[in-house]
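Architecture and fold: a report
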Amino acid sequence: MDEYRFRSPEQYDQLHPTGGDGTRCVHAGLPAPVPGAPFLPGPVFAAPYHLDPWQGPATAPNGYGRPDNPTRRLLEAAIGELEGGDCRVFASGQAAITGLLLAVLRAGDTVLLPADGYFPVRAFATDTLAGNGVRVLFAPTAGPYPSFDGVRLVLVETPANPGLDVVDLRALAERVHAAGALLAVDNTTATPLGQRPLDLGADLVVASGTKALTGHSDLLLGYLATRSPELLDRLTAWRTATGAVPGAFDAWLAHRSLATLDLRLARQTANAEALARLLAARADVSGVRWPGLPDDPAYPVASRQLRRMPGVLSFDLGSAERVARFLDAARLVAAATSFGGLHTTADRRAQWGDDTAAGFVRLSCGVEDTVDLVADVTAALDATA
Ligand SMILES: Cc1ncc(COP(=O)(O)O)c(C=O)c1O
């Protein structure tokens, strides 16, 4: 870790617009107002840009679209403000995570990954990283964690998808740094309004912006954020070399969607709380997990660490067949993978090869009225009891 210089939290605080979450989301990354110009400039579509015939690319910020694009830069400024670090966006969450792993790890390095996190990351590690000579270890999100001696990078996902366990990031960061390793946190489920891992000691944040961050189920996006200029340079160079960038229109849509993040999350969390209580009280539903339920195993850490609880919960309906009947009966719960969108969706994870039970469901609350959602889920469960 010594090779990396880190900016102080104070330097980053100066970058944040002040105010509450709603204010920060509405203003994140916006340029200073210009009379006659829109609040958020429209997407800039360009592969090459005009160059100064004498100076070449040296004098203009834009030379070619793969390294840079003005629409992307504004989105990066916005997410960077919310996370409290410098941000680079990627074509998807998976592009950001695999980019991080491939850019930081070398043959002979050891990486520790969540045993219960997003399944394709684990598959990538065992298929590709191990093939590159990287030693891959796994630990459950809730622990116990092994010794970090000789580990180069620890990646955790908290709350974890789909099991929703959480890990104490401040305590983990201390242990990881004492061993000279780097800590990266997948912040997809919490979003930067739910938790700011860089403030809690993480070196890197990585996330899928496809989920709640943008929330409209209409684009793919990933990002990395860090306070280390060296890590940022390395990851930027990686992205330029591999070309895993989002298009200008997706970047613009994502930035437009950020303005409502606070509002969307507030309703999603309220809906998740109502459904978690409903499900936990039913004898025909088992294994309900939501970190905001006081008797959930994740609650003690989650209630200290998370600024708001996620809109995602999980439970078990016992069989694939009952899940299908439940989804058929529900009017407001769409069968769909992904999560964090405006529409309530549910996903039987085992159908994707995830190592979960056949009846295990991850349910993502949308922004429907709570009373309607509770009535719909109650009716669908009753119809399939
Ligand atoms: C926790 C987590 N990280 C990363 C990803 C990958 O993101 P994307 O689908 O945008 O590539 C996902 C996708 O579901 C996820 O749930």
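A short tour of the structure in this document, coming up.

Quick notes on the rules
- Residues numbered from 1 in each chain as written.
- Predicted model: local features only at pLDDT ≥ 70, side-chain atom pairs only at ≥ 80, totals over all residues.
- Heavy atoms only, no water.
- Helix = DSSP H or I, 4+ residues; strand = E, 2+ residues; numbered from the N terminus.
- Rg over C-alpha atoms; globule rule 2.2 N^0.38 Å.
- Buried < 20%, exposed > 50% of the residue type's maximum accessible area, 1.4 Å probe, protein only.
- Contact = heavy atoms within 4.5 Å.
- Areas by Shrake-Rupley, 256 points an atom, 1.4 Å probe, with all protein chains shown as cover.
- Arc of directions from axis to C-beta.
- Pairing = 2+ DSSP bridges.
- Axes fitted to C-alpha atoms, helices over the stretch in contact; angles between N-to-C directions.
- Phe/Tyr/Trp six-rings, centres within 6.5 Å; stacked < 30°, edge-to-face > 60°.
- Lys NZ or Arg CZ within 6 Å of the ring centre and 35° of its normal.
- Core = buried A, V, L, I, M, F, W, Y, C linked by side-chain atoms within 4.5 Å.

What the protein chain contains, in helices and strands, is 13 helices and twelve strands. Expected size for 385 residues packed as a compact globule is a radius of gyration near 21 Å; at 21 Å, the protein chain falls within 12% of this value. With respect to the principal axes defined by its C-alpha atoms, the protein chain has extents near 75 × 55 × 35 Å. Taken across its 385 residues, the protein chain has 54% of its residues classed as buried. Counted over contacts in the protein chain with a minimum sequence separation of 6, partners at least 24 positions apart contribute 71%. With an accessible surface of roughly 15800 Å², the protein chain has 58% of that area assigned to carbon and sulfur atoms.

Every buried residue of helix H6 (residues 169–178) is listed here: Leu169, Leu172, Ala173 and Val176. Down the axis of H6, the buried side of the element spans an arc of 100 degrees, and every buried residue falls inside it. Along H6, exposed side chains directed more than 90 degrees from the buried face belong to Glu174 and Ala178. Where H6 is buried, its residues touch strand E4 (153–157), strand E5 (182–186) and helix H11 (299–305). Phi turns positive, to about 80 degrees, at Gly180, one or two residues after H6.

Within the fold, Ala47 resides in the loop between helix H2 (21–27) and helix H3 (70–83). Discounting residues that sit within four places of it in the chain, Ala47 has contacts with Gly63, Tyr64 and Gly65.

Spatial ordering of the open sheet is given by E1-E7-E6-E5-E4-E2-E3, a layout of seven strands whose pairing is mixed. Of all the strands in the sheet, just strand E1 (86–90) and strand E3 (135–139) have a single pairing partner and so form its edges. Taking each pair of neighbouring strands and ignoring which way they run, the sheet shows an average axis angle of 20 degrees. The pairing of strand E6 (residues 204–208) with strand E7 (residues 222–226) spans five bridges and is classified as antiparallel. For Leu204, the partnering residue across the bridge sits in E7 and is Thr226. Here H3 sits on the sheet in contact with E1, E6 and E7, set at roughly 130 degrees to E1. Running at roughly 20 degrees to E1, helix H8 (residues 229–242) makes contact with E1, E5, E6 and E7 of the sheet.

Let's shift gears to the packing of aromatic side chains. Enumeration according to the criterion identifies two aromatic pairs in this entry. Ring geometry for Tyr145 and Phe148: centres 6.3 Å apart, planes at 55 degrees, overall tilted. For the pair Tyr145 and Phe148, a shared accessibility class is recorded, and that class is buried. Ring geometry for Phe249 versus Trp252: centroids 6.0 Å apart, planes at 20 degrees, classification stacked. Here Trp252 and Phe249 lie together in helix H9 (residues 248–258), a separation of three residues that amounts to about one turn. On the basis of relative accessibility, which here comes to 41%, the residue Phe249 falls in the partly exposed class. Judged by relative accessible area, which is 19%, Trp252 ranks as buried. When the ring centre of Phe90 is taken as origin, the NZ or CZ atom of Arg239, which lies over that ring, is 5.9 Å away.

All right, on to the nonpolar core then. A general trend in soluble globular proteins is that nonpolar side chains are found buried together. Core analysis: the largest hydrophobic core is formed by 32 residues, its most contacted members being Leu275, Leu279, Leu313, Phe315, Leu363 and Val377. Only helix H10 (261–280), H11, strand E9 (312–316), helix H12 (320–329), strand E12 (360–364) and helix H13 (370–383) provide two or more residues apiece to this core. A total of five residues in this core trace back to one element, the largest contributor, which is H10. Setting aside residues no more than four positions away along its own chain, Leu275 makes contact with Leu313, Leu363, Cys365, Leu373, Val374 and Val377.

Moving on: the sheet that holds strand E8 (residues 286–289). As a general point, the strands of a sheet are linked pairwise by backbone hydrogen bonds and lie either parallel or antiparallel. Strand order across the open sheet formed by five strands is E8-E9-E12-E11-E10, with mixed pairing between neighbours. Two strands close off the open sheet at either side, each with one partner strand: E8 and strand E10 (334–335). Both strand E11 (residues 345–348) and E12 contribute to a ladder of four bridges, which runs antiparallel. By the bridge assignment, Asp347 is partnered in E12 with Arg362. Against the sheet, H10 engages E8, E9 and E12, with an angle of about 15 degrees to E9.

It is worth stressing that arrangement in space is one thing and function is another; only the former is reported here.
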